[in-house]
Amino acid sequence: MTSPDTTTPAAEQTSPGTVTTFDAFAHFAATAPPAPPQPGQPPRSSEERLAYHSQFVTVRTPAIENLSRSVRTLMILGRHQQVTARPSLIVTGPATTGKTTALLEVGRTCHLAHTRRAAPSDDSVPVAYVLVPPGATAKTLAGEFARYLGIPVTTRMTTAQITTAVCHTYTAAGVKLVLIDEIHRLNPRTSTGAEAADWLKDLTERVPATFVYAGIDVTASTVFTGVRGAQLAGRASLIDCGALPARAGDREPFRELIAALEAALDLTAHRTGSLPRLAPYLHERTAGRIGSLARLIRQAAIEAILDGQERITKPLLDTIALDHLAEEHYRPRTPGRRTRPADR
């Protein structure tokens, strides 16, 4: 499986909760992502460009390249493993660093690779995507797996009955990759959370698929604690989707990401190279978080179209309020905070 590596913008428009059924995920996977303006293409209208920046393109990031490569390898590694659960992956990192995007894009690639190879009569399901519900119990988690494939579940059914139906249907459907998001919601320290963790472990041993988990700072959460956490940690490799550094050796990955996002803009008066020159400011503004950077640039592009200036400048960027996490990093609400040029 090969994959273009992508970051947050497109997945921000695909809310995780909207792709938690097979039909919805298949639609997401088959829908072509928005394309940047092409040479010789007729100019798009303001409304078309507003819609484009609302969705925006996907761009390459090292973390997702690593995830794509690791998933491909582990799927091959576990293809003929019969006795125990296959090796798995955990994608961890702070909020707004592209974890959900990583899962969705790798899932999209796996789904498309399968559909390209499959015969017209093939109705197998290559990928499942499930969100761990808040306060997950074994039964509610089993219900989410059932809902993805439309398995009928009634309130009278026991957890064991739902589990049997899920394992049978997932195996019969040929699910090869199971993506589990918001794994940090699982709390094995509570009795219900412990039951849910045990249920998930049982599922990995009964469904012949590669499991990939994603969550916020998983290694520091309760998911990795105790005996149950050790069992998960002992089977899973870790991929860190942390904030992008300003510099990594001879490279400047954050500046490269800014340049890729700038190249995809559809603004009539924007000067190429002006955003990469603001890399230090943008890194400080977003703390290197991919999601915060993508939102800032997309929102600035929309503002630039609406007010007619058609270019992104630092004064414009300074007027945009970002997510609370980024704002607290950049403009901490504490006495004696640093005075920035925009504050004067």
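Conventions and cut-offs
Residues numbered from 1 in each chain as written. Predicted model: local features only at pLDDT ≥ 70, side-chain atom pairs only at ≥ 80, totals over all residues. Heavy atoms only, no water. Helix = DSSP H or I, 4+ residues; strand = E, 2+ residues; numbered from the N terminus. Buried < 20%, exposed > 50% of the residue type's maximum accessible area, 1.4 Å probe, protein only. Contact = heavy atoms within 4.5 Å. Areas by Shrake-Rupley, 256 points an atom, 1.4 Å probe, with all protein chains shown as cover. Expected span 1.5 Å × (residues − 1). Axes fitted to C-alpha atoms, helices over the stretch in contact; angles between N-to-C directions. Parallel < 35°, antiparallel > 145°, perpendicular 65-115°, else oblique. Left-handed = near helix turned anticlockwise from the far one by under 90°. Core = buried A, V, L, I, M, F, W, Y, C linked by side-chain atoms within 4.5 Å. Phe/Tyr/Trp six-rings, centres within 6.5 Å; stacked < 30°, edge-to-face > 60°. Lys NZ or Arg CZ within 6 Å of the ring centre and 35° of its normal. Nonpolar A, V, L, I, M, F, W, Y, C, P; charged D, E, K, R; others polar. Salt bridge = Lys/Arg side-chain N within 4 Å of Asp/Glu carboxyl O. Arc of directions from axis to C-beta. Polar contact = N/O pair within 3.5 Å; in protein donor to acceptor, adjacent residues only side chain to side chain. Pairing = 2+ DSSP bridges.

(A) Region of interest: the overall build of the chain. A tally of regular secondary structure across the chain gives 14 helices and five strands. Split into buried and exposed, the 344 residues of the chain put 49% on the buried side. Within the chain, residue pairs in contact and separated by at least 24 positions form 74% of the contacts whose partners lie at least 6 positions apart. Of the roughly 16,200 Å² of accessible surface on the chain, 54% is carried by carbon and sulfur atoms.

(B) A look at helix H4 (residues 62–77). The end-to-end C-alpha distance of H4, which contains 16 residues, comes to 22 Å, matching closely the 22 Å that a straight helix rising 1.5 Å per residue would cover. Turning to H4, its buried residues number three or more, namely Ile 64, Leu 67, Ser 68, Ser 70, Val 71, Leu 74 and Met 75. Here the buried face of H4 lies against strand E1 (88–93), helix H5 (99–117), strand E3 (177–181), strand E4 (210–216) and strand E5 (236–240).

(C) The arrangement of the packing of helix H3 (residues 46–55) against helix H12 (residues 290–307) in detail. At a closest axis distance of 9 Å, the pairing of H3 and H12 adopts a crossing angle of 170 degrees. With respect to their mutual orientation, H3 and H12 come out roughly antiparallel. Here the hand of the crossing between H3 and H12 comes out left-handed. Along its contact with H3, which presents Ser 46, Arg 49, Leu 50, His 53, Ser 54 and Gln 55, the element H12 presents Arg 298, Ala 301, Ile 302, Ile 305 and Leu 306.

(D) The nonpolar core, seen in detail. By size, the foremost hydrophobic cluster in this structure holds 62 residues, and its most contacted members are Phe 145, Tyr 170 and Leu 200. Ranked by residue count, the leading element in this core is helix H6 (residues 138–148), at six residues. Sequence-distant contacts of Phe 145, that is, excluding residues within four places in its chain, are made with Val 130, Val 166, Tyr 170, Val 178, Ile 180, Trp 199, Leu 200 and Leu 203. Grouped together as the second largest cluster of nonpolar side chains are 31 residues, Leu 265, Ala 300, Leu 316 and Leu 322 included.

(E) Quick peek at the environment of Ala 304. Along the polypeptide, Ala 304 turns up in helix H12. With 254 residues separating them in the primary sequence, Ala 304 and Leu 50 have C-alpha atoms 9.9 Å apart.

(F) Examining the packing of aromatic side chains more closely. In the structure shown here, the tally under the stated rule is seven aromatic pairs. If you follow Arg 44 out to its NZ or CZ, it ends over the ring of Tyr 52, 4.5 Å from the centre. Taking NZ or CZ as reference, Arg 108 lies 4.3 Å from the ring centre of Phe 28, over its face.

(G) Fine view of the packing of helix H2 (residues 22–30) against H5. At a closest axis distance of 9 Å, the pairing of H2 and H5 adopts a crossing angle of 85 degrees. The orientation of H2 relative to H5 falls into the category roughly perpendicular. From H2, Phe 22, Phe 25, Ala 26, Phe 28, Ala 29 and Ala 30 reach across to H5, where they touch Leu 104, Glu 105, Gly 107, Arg 108, His 111 and Leu 112. Of the residues that constitute the contact of H2 with H5, the class distribution is eight nonpolar, two polar and two charged.

(H) Expanded view of the pattern of salt bridges. Applying the stated rule across the entire model yields ten salt bridges. Put simply, Glu 105 and Arg 108 hold a salt bridge, and the shortest N to O gap is 3.1 Å. Placement of both Glu 105 and Arg 108 in helix H5 is noted, with a separation of three residues, approximately one turn of the helix. Residue Arg 108 is classed as buried on the basis of its relative accessible area of 9%.

(I) Inspection of H3 at higher detail. Along H3, the positions that sit buried rather than exposed are Arg 49, Leu 50, Tyr 52 and His 53. Seen end-on, H3 carries its buried residues on one side only, within an arc spanning 160 degrees. Considering only its buried residues, H3 is in contact with H12. Positive phi appears at Phe 56, one or two residues downstream of H3, with a value of about 70 degrees.

(J) Here's a closer look at the side chain of Thr 204. Residue placement: Thr 204 occurs in helix H8 (residues 191–206). Note on Thr 204: relative accessible area 7%, which makes it buried. One polar contact links the side chain of Thr 204 to the main-chain carbonyl oxygen of Lys 201, over a distance of 2.7 Å.

(K) Geometry of the pairing of strand E2 (residues 127–131). When you tally the buried positions in E2, you get five out of five residues, the bulk of the element. Because side chains alternate across E2, one face comprises the buried residues Val 127, Tyr 129 and Leu 131, and the other comprises Ala 128 and Val 130, equally buried. With five bridges joining them, E2 and E3 adopt parallel strand pairing. Bridge pairing links Tyr 129 to Leu 179 in E3.

(L) Spotlight on the sheet that holds E4. Pairing in this open sheet of five strands is parallel, and the strands run E2-E3-E4-E1-E5 from one edge to the other. For this open sheet the edge positions go to E2 and E5, each flanked by a neighbour on one side alone. Taken pair by pair, the neighbouring strands of this sheet meet at an average axis angle of 20 degrees, ignoring direction. H4 contacts E1, E3, E4 and E5 of the sheet and is inclined by roughly 165 degrees relative to E1. Across the sheet, H6 lies against E2 and E3, angled at about 140 degrees from E2, the strand it touches most.

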